[in-house]
Amino acid sequence: MLPIERQRQIIEEINLNGRVLVAELVKLLQVSQETIRRDLALLEKKGILQRSHGGAVINRPSPGSDNYRRTAFNEYDATFRQRMNENEQQKMQIAKRALDFISIGDCLLLDSSTTCWFLARQLPDIELTVLTNSLRTIQALAVKSHIRTICLGGEYSDRYEAFHGIVAELPLKEFLINKIFFSCSGLGSDGYLREGNENGAHLKQQMLLAAERKYLLMDASKFSRPSFARICHYRDVDFLLTDNLKDKALQQELAWNGVNVIDCSQRAQAVQLINY
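As annotated in an unreviewed UniProt entry, the protein chain carries the name DeoR family transcriptional regulator and comes from Mixta theicola.

Draft legend 1. Summary view of the state of the cysteines. A complete count under the given rule lists zero disulfides for this structure. Free of any disulfide, C232 has its nearest cysteine sulfur in C184, 8.0 Å distant.

Draft legend 2. Region of interest: the pairing of strand β15 (residues 260–263). Here β15 shows one buried face, formed by N260 and I262, and one open face, formed by V261 and D263. Two strands pair when backbone bridges link them, and strand β14 (residues 239–242) and β15 are joined in this way by four bridges, in the parallel orientation. When the sheet's bridge partners are listed, F239 is paired in β15 with N260. For the crossover from β14 across helix α10 (residues 248–256) to β15, the handedness is right-handed.

Draft legend 3. Summary view of the sheet that holds strand β11 (residues 192–195). Pairing is antiparallel across the open sheet formed by three strands, whose spatial order is β10-β11-β13. One side of each edge strand has no neighbouring strand; the edge strands of this open sheet are β10 (186–187) and β13 (229–233). Both β11 and β13 contribute to a ladder of four bridges, which runs antiparallel. Counted as the bridge partner of E195 is A229 from β13.

Draft legend 4. Molecular detail of the nonpolar core. The biggest cluster of nonpolar side chains holds 31 residues, and the ones touching the most others in it are L109, L193 and L216. Contributions of two or more residues to this core are made by β4 (107–110), β9 (177–182), α9 (198–210), β12 (211–217), β13 and α10. Looking at this core, the element that brings in the most residues is α9, giving four residues. When near neighbours in sequence (up to four residues on either side) are disregarded, L216 contacts F182, S183, C184, L193, V237, F239, L240 and L241.

Draft legend 5. Expanded view of the pairing of β11. For β10 and β11, the ladder comprises two bridges, and the chain directions are antiparallel. Paired with G186 across the bridge in β11 is R194.

Draft legend 6. Spotlight on unusual backbone geometry. Despite not being glycine, Q30 shows a phi value in the positive range, around 60°. Checked against the element boundaries, Q30 lands in the loop between α2 (22–29) and α3 (33–45). Residue Q30 is classed as exposed on the basis of its relative accessible area, which comes to 66%.

Draft legend 7. Spatial organisation of the side chain of S112. Turning to its location among the elements, S112 is positioned in the loop between β4 and α6 (114–122). Classification of S112 by relative accessible area gives buried; the value is 15%. In this structure S112 touches F80, N133, S134 and A162, once residues within four positions along its chain are discounted.

Draft legend 8. Layout of the sheet that holds β15. In spatial order, the strands read β6-β5-β4-β9-β12-β14-β15; together these seven strands make up an open sheet with parallel pairing. With one partner strand each, in any of the chains shown, β6 (147–151) and β15 form the two edges of the open sheet. The sheet shows a mean angle of 20° between the axes of neighbouring strands, direction not considered. Across three bridges, the pairing between β4 and β9 is parallel. Along β9, the bridge assignment pairs L108 with K179. In this fold helix α5 (residues 88–98) packs onto β9, β12, β14 and β15, with an angle of close to 140° to the strand it touches most, β14. Where α9 meets the sheet, its contacts fall on β4, β9 and β12, and the angle it forms with β12 comes to roughly 130°.

Rules of the game
- Residues numbered from 1 in each chain as written.
- Predicted model: local features only at pLDDT ≥ 70, side-chain atom pairs only at ≥ 80, totals over all residues.
- Heavy atoms only, no water.
- Disulfide = S-S within 2.5 Å.
- Buried < 20%, exposed > 50% of the residue type's maximum accessible area, 1.4 Å probe, protein only.
- Helix = DSSP H or I, 4+ residues; strand = E, 2+ residues; numbered from the N terminus.
- Pairing = 2+ DSSP bridges.
- Right-handed = clockwise from strand over helix to strand, strands pointing away.
- Core = buried A, V, L, I, M, F, W, Y, C linked by side-chain atoms within 4.5 Å.
- Contact = heavy atoms within 4.5 Å.
- Axes fitted to C-alpha atoms, helices over the stretch in contact; angles between N-to-C directions.

As structure tokens, this is what we get:
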């Protein structure tokens, strides 16, 4: 196992439990105590955790500190601009496949993910209503005269180029939303979708409650990726659109839980599993 893979698993364990023990990590990762201690020392330097006797605990930033709103133990909580340039081809594939699930007259909900931004840019100029908290998505839809765009306002975050908070959540109760398209920071080994910050996770929870059909757009780099705040379990999703899912055990678990997996790298071979 590579050091970065080891450290990602340590981060996931400490996110789930709030603490880790050296002895437990030795058994879990099958490495020496010295290796684990070096990993913990490195993660402590990054501000992800605080070492203690025999292990480590989460490094919780204090209210008022610069890191309070973007806690350090999610190393993937990048800015929107940074994420725009990650896995562009895969996100484009997923966005184009998502178009097959959209019909004239739909009321759609798009989150502030970069994958949904790719989707917004691909949307044809047809009769649709789109609700979103993403400034970039609003800008992408502004030139499409047949699409009615509704902004979920609230507190604006320049880091995520999106709105969040209670003001963004309140309008969700007023609309009949057919479909939500959303992404997340990662899918953990515990089966939960997670986000890099608690504000984004809570808003996505409310978005999911408001929509009839739920489509998760997630490229393969996010599988087994640790992240901070829990959104929901994958069993709460109707469709998973991804570019490559090699984990056969996970595929089987998703099927058992009623999640329809769409392999966007095999568009010509895709099979419609249920009416949508």
